[in-house]
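Commentary on secondary and tertiary structure
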Amino acid sequence: MGDTIFGKIIRREIPADIVYEDDDVLAFRDLNPQAPVHVLFVPKRAIATLDAATTSDSELLGKLLLATAAYARREGLAEQGYRTVINCNEHGGQTVFHLHVHLLGGRQMHWPPG
Ligand code: DGP
């Protein structure tokens, strides 16, 4: 897959408001926040889309979700709740083809989404 803007953020080639990092995962604030807390969790090893993930990515995907949940808990979002979103391809609204989890919190979410 080609490089993306998130690859550049991971390599510190462009700035981002990074809020969490471990060996496998980086998290930074979304440029265009849709909630008081809107953080993107990305695996450092790029996978283009959720559709492109395979069983060899199972451990990394697990770490990505658990890092997201742990951050939400630390930030005090868990009790009231929050939303996680993974957009996939065109109809999913994906614009950056480096798999990422949106963490949205700090306000009431609504369902169904638009
Ligand atoms: P998606 O539509 O699911 O592919 O989400 C991509 C998100 O990435 C979108 O909410 C805006 C955000 N985004 C795009 N470019 C940048 C950037 O350069 N920096 C940051 N922090 N966020 C970005």
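Residues numbered from 1 in each chain as written. Predicted model: local features only at pLDDT ≥ 70, side-chain atom pairs only at ≥ 80, totals over all residues. Heavy atoms only, no water.

Here's the deal with the site of the ligand
Close to the ligand lie 15 residues, the nearest being Arg-29, Asp-30, Asn-87, Thr-95 and His-102. In the model, an oxygen atom of the ligand is placed 2.7 Å from a nitrogen or oxygen of the Thr-95 main chain. For the ligand, whose free accessible area comes to 510 Å², the fraction covered by protein is 83%. Broken down by secondary-structure element, the contributors of at least two residues to the shell around the ligand are α1 (5-10) and β2 (25-29). For the shell around the ligand, the element with the most residues is α1, which contributes three residues. Split into classes, the residues belonging to the shell around the ligand amount to seven nonpolar, six polar and two charged. (Near = heavy atom within 4 Å. Polar contact = N/O pair within 3.5 Å; in protein donor to acceptor, adjacent residues only side chain to side chain. Areas by Shrake-Rupley, 256 points an atom, 1.4 Å probe, with all protein chains shown as cover. Helix = DSSP H or I, 4+ residues; strand = E, 2+ residues; numbered from the N terminus. Nonpolar A, V, L, I, M, F, W, Y, C, P; charged D, E, K, R; others polar.)

Digging into the packing of aromatic side chains
Counted according to the given criterion, the structure contains two aromatic pairs. Relative to Phe-28, the ring of Phe-6 lies with its centre 5.3 Å away and its plane at 70°, an arrangement referred to as edge-to-face. Here Phe-6, found in helix α1, pairs with Phe-28, found in strand β2; they are 22 residues apart in sequence, far enough to count as distant. Accessibility expressed as a relative area gives 2% for Phe-28, which makes it buried. Their ring planes at 65° and their centres at 5.6 Å tell us that Phe-41 and Tyr-71 sit as a pair that is edge-to-face. In this pair, Phe-41 sits in strand β3 (residues 37-43) while Tyr-71 sits in helix α2 (residues 58-74), placing the two residues 30 residues apart along the sequence. Judged by its relative accessible area of 0%, Phe-41 falls in the buried class. For Tyr-71, a relative accessible area of 3% translates into the label buried. (Phe/Tyr/Trp six-rings, centres within 6.5 Å; stacked < 30°, edge-to-face > 60°. Buried < 20%, exposed > 50% of the residue type's maximum accessible area, 1.4 Å probe, protein only.)

Quick word on the UniProt feature "active site" (unreviewed entry) in the chain
Per the UniProt record, the feature "active site" (unreviewed entry) sits at His-100. Along the chain, His-100 falls in the loop between α3 (89-92) and β5 (101-105). Beyond its immediate sequence surroundings of up to four residues, His-100 is in contact with Phe-6, Leu-40, Phe-41, Val-42, Val-85 and Ile-86. Among the polar contacts listed, one links the side chain of His-100 to the backbone oxygen of His-98, at a separation of 2.7 Å. (UniProt positions renumbered as here; feature names shortened; annotations may be inferred. Contact = heavy atoms within 4.5 Å.)

With respect to the nonpolar core
The nonpolar side chains of a soluble globular protein tend to be buried with one another. Among the nonpolar cores identified, the biggest contains 15 residues, and Val-25, Val-39, Phe-41, Leu-64, Tyr-71, Leu-77 and Leu-103 are the most heavily contacted of them. No other element matches the five residues that α2 contributes to this core. When neighbours within four sequence positions are excluded, Val-39 is seen to be in contact with Val-19, Ala-27, Phe-28, Arg-29, Asp-30, Tyr-71, Val-101, His-102 and Leu-103. Ranked by size, the runner-up nonpolar core spans eight residues in total, among them Phe-6, Ile-9, Leu-26 and Phe-28. (Core = buried A, V, L, I, M, F, W, Y, C linked by side-chain atoms within 4.5 Å.)

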